[in-house]
Amino acid sequence: MQHFWVTKKTVQRKLGSKEDEHIISSDSELDAKIEIFKSINETTSELSRIIDLYQERLCVLSQEECVFGRFLKEAGKRSKTTALSITNTGKSVTYCGQQRMCVRVPLLRLQHEVNIYRNRAITDTQSTISAMERERTEYRAALEWMKSSSSELDPDTGRGVDKFRTAQSHVRGAKQIFDTLSMDSIQKVRIEKFSKYLCN
């Protein structure tokens, strides 16, 4: 019976059916943390992409400066009137190109840190949130099952009591697991929790 309600709830959530306002409001802190996590995930992904592009363009610019500097030095050798100034300019441009490559080391370190962060913190939190979402569906399905069972309950005759108790025990178990996973998800989204991964 539980599988029926879980499947029904899963389909309802996929289709975006309206859920009970009280249940949704009870998860408001959790949903806010999930939105923060999504934002962090997108931002770190974008940061990683930008660092890649910046490094690529930095290398191209550095190579172009070195080529241009060599060209100026060669042109300075052929010029009789402005040889010294063109040669010095060529040396300066070449030096700038070489110095620009020094920026790559900190950029590579930053890229490494961002990748570690994404691979450890983001992946770990994502798996916890996925498990929590499955349990949230289970819990909400159990609530609907219990609500349906309670409408068929007749305390005077005792009809439907066993069915209601079975649904009630499922609600208790699902709530306990859901509460644990939702607390884990909330804690993992906190910045202090994330920064721990970068320090290790």
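Residues numbered from 1 in each chain as written. Predicted model: local features only at pLDDT ≥ 70, side-chain atom pairs only at ≥ 80, totals over all residues. Heavy atoms only, no water.

Per an unreviewed UniProt entry, the protein goes by AH domain-containing protein and derives from Stomoxys calcitrans.

1. Here we look at the pattern of salt bridges
By the definition in use, this model includes eight salt bridges. The partner of Lys188 in a salt bridge is Asp124, and the shortest N-O contact between them spans 3.0 Å. You can see Lys188 sitting in helix H6 (residues 161-189) and its partner Asp124 sitting in helix H5 (residues 104-151), a full 64 residues away along the chain. Among the residues examined, Lys188 registers a relative accessible area of 16% and is labelled buried. You can call Asp124 partly exposed: its relative accessible area is 24%. Because the salt bridges share partners, they merge into one network encompassing Asp31, Glu133 and Arg136. (Salt bridge = Lys/Arg side-chain N within 4 Å of Asp/Glu carboxyl O. Helix = DSSP H or I, 4+ residues; strand = E, 2+ residues; numbered from the N terminus. Buried < 20%, exposed > 50% of the residue type's maximum accessible area, 1.4 Å probe, protein only.)

2. Brief notes about the packing of aromatic side chains
Evaluation of the coordinates by the stated rule reveals two aromatic pairs. With a centroid separation of 6.4 Å and 20° between ring planes, the pair formed by Phe68 and Phe71 is classed as stacked. Of the two residues, Phe68 and Phe71 are both situated in helix H3 (residues 28-78); the distance of three residues between them amounts to about one turn of the helix. Assessed through its relative accessible area of 45%, Phe68 is described here as partly exposed. Look at Tyr139 and Phe178: their rings are 5.6 Å apart centre to centre, the planes differ by 15°, and that puts the pair in the stacked class. Note that Tyr139 is positioned in helix H5 and Phe178 in helix H6, a separation of 39 residues in sequence. Like Phe178, Tyr139 is buried. (Phe/Tyr/Trp six-rings, centres within 6.5 Å; stacked < 30°, edge-to-face > 60°.)

3. As for the packing of H3 against H6
Look at H3 against H6: their axes get within 9 Å of each other, and the N-to-C directions meet at 45°. Here H3 lies oblique to H6, going by the angle between them. As H3 packs across H6, the resulting crossing turns out to be left-handed. On H6, the residues that touch Glu29, Leu30, Lys33, Ile36, Phe37 and Ile40 of H3 are Phe178, Ser182, Ser185, Ile186 and Val189. Looking at side-chain class alone, the contact of H3 with H6 contains seven nonpolar, two polar and two charged residues. (Axes fitted to C-alpha atoms, helices over the stretch in contact; angles between N-to-C directions. Parallel < 35°, antiparallel > 145°, perpendicular 65-115°, else oblique. Left-handed = near helix turned anticlockwise from the far one by under 90°. Contact = heavy atoms within 4.5 Å. Nonpolar A, V, L, I, M, F, W, Y, C, P; charged D, E, K, R; others polar.)

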